[in-house]
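Remarks on the overall topology
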Amino acid sequence: MAKSDVLVIGSNMVDLITYIDRMPVEGETVAAPNFEMGCGGKGANQAVAAAKLGSKVSFVTMLGNDDFGKMQMQNYKSVGIDTSAIGVGNSNSGVAPIFVDPSSDNRIIIVKGANNELTPSVLDKYENTLKEAKIIVLQQEIPLETNYRAIELANKHDVPVLLNPAPANENLDIDYARRVDYFAPNETELSSLTKLPVENMDQIKLAAQKMVDLGVKNMIVTLGSKGVLWVNESHSELIGAMHVRATDTTGAGDSFIGSFAHYIAAGDAIDEAIRHANEYAGVTVTQKGTQKSYPSAEEFKSLKK
Ligand code: ATP
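Summed over the entire model, instances satisfying the criterion amount to 12 salt bridges. Note that K134 is salt-bridged to D5, the shortest N-O span being 3.5 Å. With K134 in the loop between α4 (127-130) and β8 (135-138) and D5 in the segment before β1 (6-9), the pair connects residues that are 129 residues apart, well separated along the chain. As a salt-bridge pair, E36 and K292 come within 3.9 Å of each other at their nearest N and O atoms. With E36 in strand β3 (residues 34-40) and K292 in the loop between α10 (270-284) and α11 (297-303), this residue pair connects regions lying 256 residues apart in the sequence. Exposure remark for E36: the relative accessible area of 32% places this residue in the partly exposed category.

Here we come to the packing of aromatic side chains. The tally for this structure, following the rule as stated, stands at 5 aromatic pairs. Plain terms: the ring middles of F59 and Y76 are 5.3 Å apart, the flat faces sit at 90° to each other, and that makes the pair edge-to-face. Here the residue F59 occupies a position in strand β4 (residues 57-63), and Y76 occupies one in helix α2 (residues 67-78), the gap between them amounting to 17 residues. The burial state of F59 is the same as that of Y76; both residues are buried. On the basis of an interplanar angle of 15° and a centroid distance of 6.0 Å, the ring pair of F256 and F260 is categorised as stacked. Pair noted here: F256 and F260 are both in helix α9 (residues 252-265), with a separation of 4 residues, about one helical turn. You'll find F256 and F260 in the same group, each marked buried. In this structure an aromatic cluster arises from ring pairing among Y182, F256 and F260. Positioned over the ring face of F300 is K304, at 4.8 Å from the centre of the ring.

On to the sheet that holds β3. The mixed open sheet is built from 4 strands, whose spatial order is β3-β2-β6-β7. Edge positions in the open sheet fall to β3 and β7 (106-108), since each of these has one partner strand only. Taking the axes of each pair of neighbouring strands and ignoring which way they run, one obtains an average angle of 20° across the sheet. Bridge analysis of strand β6 (residues 95-100) against β7 gives 3 bridges, and the strand direction is antiparallel.

Let's shift gears to the site of the ligand. Among the 19 residues in the neighbourhood of the ligand, the closest are listed as N186, T222, G224, G253 and N278. The side chain of T222 places a nitrogen or oxygen atom 3.0 Å from an oxygen atom of the ligand. The side chain of N278 places a nitrogen or oxygen atom 2.7 Å from an oxygen atom of the ligand. Contact with the protein chains hides 81% of the accessible area of the ligand, taken as 640 Å² for the molecule alone. Within the residue set of the shell around the ligand, elements represented by two or more residues are α9 and α10. Looking at the shell around the ligand residue by residue, the classes come out as 9 nonpolar, 10 polar and no charged.

Ranked by internal contacts, the top residues of the largest apolar core, which has 43 residues, are I9, I136, F183, L190 and M219. In this structure, L63, M73, Y76 and A184 belong to the second largest nonpolar core, which totals 41 residues.

To continue, consider the pairing of strand β12 (residues 228-232). Burial within β12 is extensive, with 5 of its 5 residues counted as buried. Side-chain alternation along β12 places V228, W230 and N232 on one buried face and L229 and V231 on a second face that is also buried. As paired elements, strand β11 (residues 219-222) and β12 share 4 bridges and run antiparallel to each other. Looking across to β12, one finds that T222 is bridged to V228. Remark: 5 residues form the turn of the hairpin made by β11 and β12, two consecutive strands paired antiparallel; G224 in that turn has positive phi of roughly 55°. In terms of strand pairing, β12 meets strand β13 (residues 235-239) through 5 bridges, oriented antiparallel. Paired with L229 across the strands is L238, a residue of β13. Counting the residues that bridge the hairpin from β12 to β13 gives 2 residues.

Basis of the calculations
- Residues numbered from 1 in each chain as written.
- Predicted model: local features only at pLDDT ≥ 70, side-chain atom pairs only at ≥ 80, totals over all residues.
- Heavy atoms only, no water.
- Salt bridge = Lys/Arg side-chain N within 4 Å of Asp/Glu carboxyl O.
- Helix = DSSP H or I, 4+ residues; strand = E, 2+ residues; numbered from the N terminus.
- Buried < 20%, exposed > 50% of the residue type's maximum accessible area, 1.4 Å probe, protein only.
- Phe/Tyr/Trp six-rings, centres within 6.5 Å; stacked < 30°, edge-to-face > 60°.
- Lys NZ or Arg CZ within 6 Å of the ring centre and 35° of its normal.
- Pairing = 2+ DSSP bridges.
- Axes fitted to C-alpha atoms, helices over the stretch in contact; angles between N-to-C directions.
- Near = heavy atom within 4 Å.
- Polar contact = N/O pair within 3.5 Å; in protein donor to acceptor, adjacent residues only side chain to side chain.
- Areas by Shrake-Rupley, 256 points an atom, 1.4 Å probe, with all protein chains shown as cover.
- Nonpolar A, V, L, I, M, F, W, Y, C, P; charged D, E, K, R; others polar.
- Core = buried A, V, L, I, M, F, W, Y, C linked by side-chain atoms within 4.5 Å.

This is the structure in structure tokens:
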């Protein structure tokens, strides 16, 4: 396997999006006007964002043993992701049936499928790849123990780690949150972890500070159109988002994380990387879709003008 700038360890899912007029009640069948399918999963989205920006990306994930798995593999190849650490499990692919009503409210079900087969022992096979990376990126749609093993291996080889604790998992061992370099929740995940309210900026700052007091090195809290709050032991700064007309914010968080990893691997300081990733994520919310709203480096250059 080639040396990677960004090593993403995480999930892949197929998004099955049904646009409904209304949800059926129990026992009822309704016809829906539209259906779309797309490649998703937090790990995959983040890997695709970094690859589209030009990072050399390796992705460690477990595909389902079905046609969806083949479709995902093709998608990663098409954006230049190194697929040599992608396995095929015994289960079906992870899928996310999503129901979107006319007011754009959505209901999402996640079936993790083969993502549950990405166990610590699978990761051990890739220790040599892992130690060559400039940054390792983790989320929480695979078993927590696998993330713990990734952090142990990264610490052993002095490789920086970015943990996006999404979806929130109250069982996350705080000791591992201390052992990563960048801890990047959104405000809801921050609230769930700290059990503190996050209804205004003062409360968000207090909650982020609580994590720093517990020993977390860099809190990078994404706040939608408000941007990102960066807090560490000596610094607290709100870095504003781009002013854009948002049409679809799905996958904005993943585009921020993937692009932030790209810019850190490229040598940016933390505040620079946040500014650049805010711009990248800001551009993605002006376009419909998740991965398909992520621009290449060239498209990004012209879109942010
Ligand atoms: P999702 O779960 O929808 O992917 P998230 O809650 O994880 O999103 P957000 O905090 O909503 O992530 O957004 C991540 C980043 O995307 C923000 O920090 C910002 O840079 C950018 N962003 C999101 N919404 C907007 C917006 N309306 N205008 C400008 N930038 C935005």
